[in-house]
Amino acid sequence: METKPTEVPAVDGLPLLASLLDLRRDPLGTYERARREHGDVVRIASGPPGLRTTIHFVFSAAGAQQVLAGQSANFRKDDRFSQEMRQTFGNGLLSSLDDDHIRQRRLLSPLFTKKRVADYAAAVCDEVDALCAEWEADRDGRPDLNEDMSRLTVRMITRILFGSDAEQAAKVVRRCMPALSTYTLRRGLMPLNLPRSFPTPANRRARAAQKELHALCDRLIEQRRRSATSGDEAGTDLLTLLINAHSDEDTPLTDEELRDQVLVFLLAGADTTATSLTFTMYMLAQHQNIQDSVRDEVRSVLAGRRPTPADLDALPSVERVLKEAMRLYPAAPVLIRRAVRSTVVDGYAIPAGAYVYVSPWVTHRHPSYWPDPERFAPERFRPEEESRRPRYAWFPLGGGPRSCIGNHFAMLQMKLAVATLLQRYRFTGTVPHVPLEVGVTIRAARAVDCTLSPVGRVSADTLSRSR
Ligand code: HEM
């Protein structure tokens, strides 16, 4: 006999504003409490009657898998926030829908395979070296990881996208992108917004930033198109590859679509990687014994030379610390969908039209999958431990048809960066607690200063001991 789906329990809130104040003050804490008190599928309402929004949260690994992968056709990205994203950043891969998304994904996927992204390793290492050179020139020896990882990842993504035009592009991106994403997030969170055409200061600033970014992308696209027709040697930057992207079934990307994809890569590729790297280095600074053992592995494999993609399989503990930092600090703490039709998720009835959030932040702390969840313990990612957990107990890169297309590139960049940095420096002296700024992505809300000490060259003796 089929069991009847259970009604989704609701979190109690204030009579007038429901859970609005809790969600404003501490969204992630509110989600965690909801799971603890009500279970794996819950409803949280917020806002005054008439403007109230109710969100259905799905916290179990099995539920997240259903929403993102198994029954992804029932959960679309056409929530209020995605609509605002489309208006600000265009119809690129991150927010496009249905046939547009399928075509774009088919065209772009070949550019992001593990093999293809390996071509970017040397450029990534150049940028990490440039950061180290800056640190060495600055005798103070107390860099802010939050600021520096963010600068590094903007430089890496602009270098990959725009090759030799990266430096000028990085300046525009750093000036315009943060303001534009904050503006979009604020509009996505408000139940009502003034039209974008109203000349409010916020609208005017956002339009100016958007115009500057569009002008940059349009100019670089035009330059590449011109050099292709004049028979110049084809470039190898990602923008050139995007221009040439083709598949048998699809028409190539138009100039406007190219611009939208570039904006999406700038938006989705920099802050996410910066947060993951910041917290990896922060956690290593907090756990000296783990830092030492990862450094031993790196030094024994690399013996002082630059890492290459071929080295990475021999550095499993670098991968494990990254995965564990991404468990505790998933750059995207929630992934947002809207139910197209009523669906039973993990035994609970989710109605058509509902906003549905799955949350790497909460699932990554779920005690059913993660004993002592707040402890930083990279050994959780040993193969034998990983095989005991459900697939969606860890999903910082999403899953299913809308999973992160940049996952191989992100992991490559971060592994190369962590290996290079640990081989050169010891990281100590960070504060014990870092408050978070929570938006579409999370980031440290203030400087994450640390102390750097050079760790000297590897001696033959150390090497033979650590092998
Ligand atoms: C550690 C770094 C990264 C993290 C944690 C991350 C996380 C994610 C997540 C969770 C999603 C799924 C969003 C959803 O389901 O709503 C996603 C999608 C996406 N990511 Fe990443 N990402 C990272 C790096 C990158 C990089 C480096 C790029 C590009 C170069 C990139 C490009 C994208 C794009 C285009 C999508 C949309 C894919 C689609 O809808 O088909 N990401 N990312």
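Residues numbered from 1 in each chain as written. Predicted model: local features only at pLDDT ≥ 70, side-chain atom pairs only at ≥ 80, totals over all residues. Heavy atoms only, no water.

Overview of the overall build of the protein chain
For the protein chain, the count of helices and strands is 19 helices and 11 strands. Taken over C-alpha atoms, the radius of gyration comes to 23 Å for the protein chain, in line with the 23 Å a tight globule of 467 residues would show. With the principal axes as the frame, the protein chain shows a C-alpha extent of 65 × 60 × 45 Å. Residues counted as buried form 53% of the 467 residues belonging to the protein chain. Taking the intrachain contacts of the protein chain between residues at least 6 apart in sequence as the baseline, contacts between residues at least 24 apart amount to 74%. Carbon and sulfur atoms form 53% of the exposed surface of the protein chain, whose accessible area is close to 21400 Å². (Helix = DSSP H or I, 4+ residues; strand = E, 2+ residues; numbered from the N terminus. Rg over C-alpha atoms; globule rule 2.2 N^0.38 Å. Buried < 20%, exposed > 50% of the residue type's maximum accessible area, 1.4 Å probe, protein only. Contact = heavy atoms within 4.5 Å. Areas by Shrake-Rupley, 256 points an atom, 1.4 Å probe, with all protein chains shown as cover.)

With respect to the pairing of strand β4 (residues 335–339)
Buried residues dominate β4, accounting for four of its five residues. Bridge count for strand β3 (residues 75–76) against β4 is two bridges, and the pairing is antiparallel. The residue bridging F75 from the neighbouring strand is A339, located in β4. (Pairing = 2+ DSSP bridges.)

Let's talk about the nonpolar core
A general feature of soluble globular proteins is that nonpolar side chains tend to end up buried together. Residues Y31, L161, L238, L242, F265 and F427 are the most contacted members of the largest nonpolar core, which totals 137 residues. Counting residues per element, this core draws most heavily on helix α18 (residues 407–424), which supplies 10 residues. There are two domains that each give this core at least three residues, and those are domain 1 (1–89 + 333–363) and domain 2 (103–332 + 384–466). Apart from residues no more than four positions distant in its own chain, L238 is found in contact with L111, F112, Y120, I160, L161 and F265. (Core = buried A, V, L, I, M, F, W, Y, C linked by side-chain atoms within 4.5 Å. Domains from an automatic or database assignment.)

What to know about the site of the ligand
As a matter of local geometry, the ligand sits amid 30 residues, with K77, H101, R105, R337 and C404 nearest to it. At 2.7 Å, a side-chain N or O of R105 approaches an oxygen atom of the ligand. Here A268 contributes a backbone N or O atom positioned 3.5 Å from a nitrogen atom of the ligand. Taken together, the elements giving at least two residues each to the shell around the ligand come down to α5 (98–108), α12 (255–269), α13 (271–286), β4 and α18. A class-by-class count of the residues in the shell around the ligand yields 17 nonpolar, nine polar and four charged. (Near = heavy atom within 4 Å. Polar contact = N/O pair within 3.5 Å; in protein donor to acceptor, adjacent residues only side chain to side chain. Nonpolar A, V, L, I, M, F, W, Y, C, P; charged D, E, K, R; others polar.)

With respect to the coordination of the iron atom of the ligand
Tetrahedral coordination by four donors puts the ideal angle at the metal at 109.5 degrees, and octahedral coordination by six puts it at 90 or 180 degrees. The protein gives the iron atom of the ligand a lone donor atom, C404 (SG), placed 2.3 Å from the metal. Following the sequence through the fold, C404 ends up in the loop between α17 (383–386) and α18. (Donors = N, O, S within 2.8 Å, 3.2 Å for Na, K, Ca; no water.)

Here we look at the domain arrangement of the protein chain
Each domain of the protein chain was delimited in the assignment, giving domain 1 (1–89 + 333–363) and domain 2 (103–332 + 384–466). For domain 1 and domain 2, the distance between their C-alpha centres works out to 29 Å. In this assembly, 26 residues from domain 1 lie in contact with 37 residues from domain 2. If you sort the residues of domain 1 by the area they bury against domain 2, T88, F89 and P333 come out on top, with a joint share of 26%. The interface formed by domain 1 and domain 2 includes two salt bridges. Its salt-bridge partner being E84, residue R187 comes within 2.9 Å of it at the nearest N-O pair. Run the count over domain 1 and domain 2 and you get nine residue pairs in polar contact (both at pLDDT 80 or more). Contributing elements (two or more residues each) for the side of domain 1 that touches domain 2: α2 (27–38), α3 (61–70), α4 (80–89), β4 and α16 (360–363). No other element matches the seven residues that α4 contributes to the side of domain 1 that touches domain 2. Grouping the amino acids of the side of domain 1 that touches domain 2 by side-chain chemistry returns 16 nonpolar, six polar and four charged. (Buried area = accessible area lost by both parts, 1.4 Å probe. Salt bridge = Lys/Arg side-chain N within 4 Å of Asp/Glu carboxyl O.)

Comments concerning the sheet that holds strand β7 (residues 355–358)
With mixed pairing, five strands are arranged side by side in an open sheet as β1-β2-β7-β4-β3. Since the sheet does not close on itself, it has two edges, and those belong to β1 (41–46) and β3, each with one partner.

Regarding helix α15 (residues 316–328)
For α15, with 13 residues, the first-to-last C-alpha span of 19 Å sits near the 18 Å given by 1.5 Å per residue. Within α15, 11 of the 13 residues are buried, which leaves the element mostly enclosed by the surrounding structure. Within the span of α15, buried status applies to S317, V318, R320, V321, L322, K323, E324, A325, M326, R327 and L328. Check the buried side of α15 and you find it contacts α13, α14 (288–302), α16, α17 and α18. (Expected span 1.5 Å × (residues − 1).)

Section: the packing of α14 against α15
Contact geometry for α14 and α15: axes closest at 8 Å, N-to-C directions at 145°. Here α14 contributes I290, V294, E297 and V298 to the contact with α15, which in turn contributes P316, S317, V318 and V321. Of the residues that constitute the contact of α14 with α15, the class distribution is six nonpolar, one polar and one charged. (Axes fitted to C-alpha atoms, helices over the stretch in contact; angles between N-to-C directions.)

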